[in-house]
Amino acid sequence: MPFPADSALGALMATLPRPGQVRWIGLRPARDVPMNEVTRVEAVAGKGLAGDRYKSGSGKRGITLVQAEHLPVIAALSGHDRVDPATLRRNVVVSGLPVIALKGRRFRIGSAVFEGTGDCDPCSRMEAALGPGGYNAMRQHGGLCARVLVSGSFGLGDAVEPLDAGA
């Protein structure tokens, strides 16, 4: 978190209205293959999600999250009625919590603990996935990357809860 937790702005940034909830989970076992939708997954500390291509130990990008409330915005900006979460190539769709508020913070999903490492900016593949302008439709709506700190499992419906105000 860029502001001290004991500052007025730090306190505002640390305050969330409620926990989020996992709405969708997807894994991509290799580059350039479709996402596999699952209902439950195992997160491996220092690695990523079992069955996902980033489980090789990429560190800062062990898991990617996108906010469910942004899906209709991305669809509207890219000229679609709706966007399937698998199209966006993120691992987890979360509702009820602004995922950007988890940047620099530790959070729990199920029995696993994560740390938000940074924005999950769109890649050029969004042009092919969403059509011309797809990259720009995703800007500021790409979600969050996080590392796995404590191994554990989580599934659909599990809470997404911040654990601290960050360091």
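In what follows, the structure referred to is the one given above.
Everything numeric in this text was worked out from a predicted model, so none of it was measured.

1. A word on the side chain of Ser-153
Among the secondary structure elements, Ser-153 is positioned in strand β10 (residues 152–155). Apart from the residues within four sequence positions on either side, Ser-153 is in contact with Arg-40, Val-41, Glu-42, Ile-109, Gly-110, Ser-111 and Ala-112.

2. A few points about the pairing of strand β1 (residues 20–27)
Of all 8 residues making up β1, 6 are buried, and the element is well covered by its neighbours. As paired elements, β1 and strand β11 (residues 159–162) share 2 bridges and run antiparallel to each other. In the sheet register, Gly-20 faces β11, and the bridge partner there is Val-160. In terms of strand pairing, β1 meets strand β6 (residues 92–95) through 4 bridges, oriented antiparallel. Residue pairing across strands places Val-22 opposite Val-94, the latter belonging to β6. Looking at chain direction, β1 and strand β2 (residues 36–38) are connected through 3 bridges and run antiparallel. Bridge pairing links Ile-25 to Val-38 in β2.

3. Remarks on the packing of aromatic side chains
With the rule as written, the count across this model stands at 2 aromatic pairs. Centre to centre, the rings of Phe-114 and Phe-154 are 6.0 Å apart; their planes meet at 80°, and the pair counts as edge-to-face. Here Phe-114 is found in strand β8 (residues 112–119), whereas its partner Phe-154 is found in strand β10, with 40 residues between them in sequence.

4. Considering the layout of surface pockets
Remark: the empty space left among the atoms is shown by a probe the size of a water molecule rolled over them. Empty space within the largest pocket amounts to approximately 200 Å³. In this structure, the largest pocket is lined by 13 residues; those nearest its centre are Ile-100, Gln-140, His-141, Gly-142 and Gly-143. Per-class residue counts for the lining of the largest pocket are 5 nonpolar, 6 polar and 2 charged. Space inside the second largest pocket adds up to approximately 150 Å³. Along the walls of the second largest pocket sit Arg-28, Asp-32, Val-33, Pro-34, Met-35, Ala-86, Thr-87, Arg-89, Arg-125, Met-126, Ala-128 and Ala-129, which together make up its complete lining.

Reading the values: rules and limits
Residues numbered from 1 in each chain as written. Predicted model: local features only at pLDDT ≥ 70, side-chain atom pairs only at ≥ 80, totals over all residues. Heavy atoms only, no water. Helix = DSSP H or I, 4+ residues; strand = E, 2+ residues; numbered from the N terminus. Contact = heavy atoms within 4.5 Å. Buried < 20%, exposed > 50% of the residue type's maximum accessible area, 1.4 Å probe, protein only. Pairing = 2+ DSSP bridges. Phe/Tyr/Trp six-rings, centres within 6.5 Å; stacked < 30°, edge-to-face > 60°. 1 Å grid on protein atoms, 1.4 Å probe; cavity = no way out; pocket = protein on both sides within 12 Å on 5 of 7 lines; lining within 4 Å. Points joined across faces, edges and corners; volume = space filled by probe spheres on them. Nonpolar A, V, L, I, M, F, W, Y, C, P; charged D, E, K, R; others polar.

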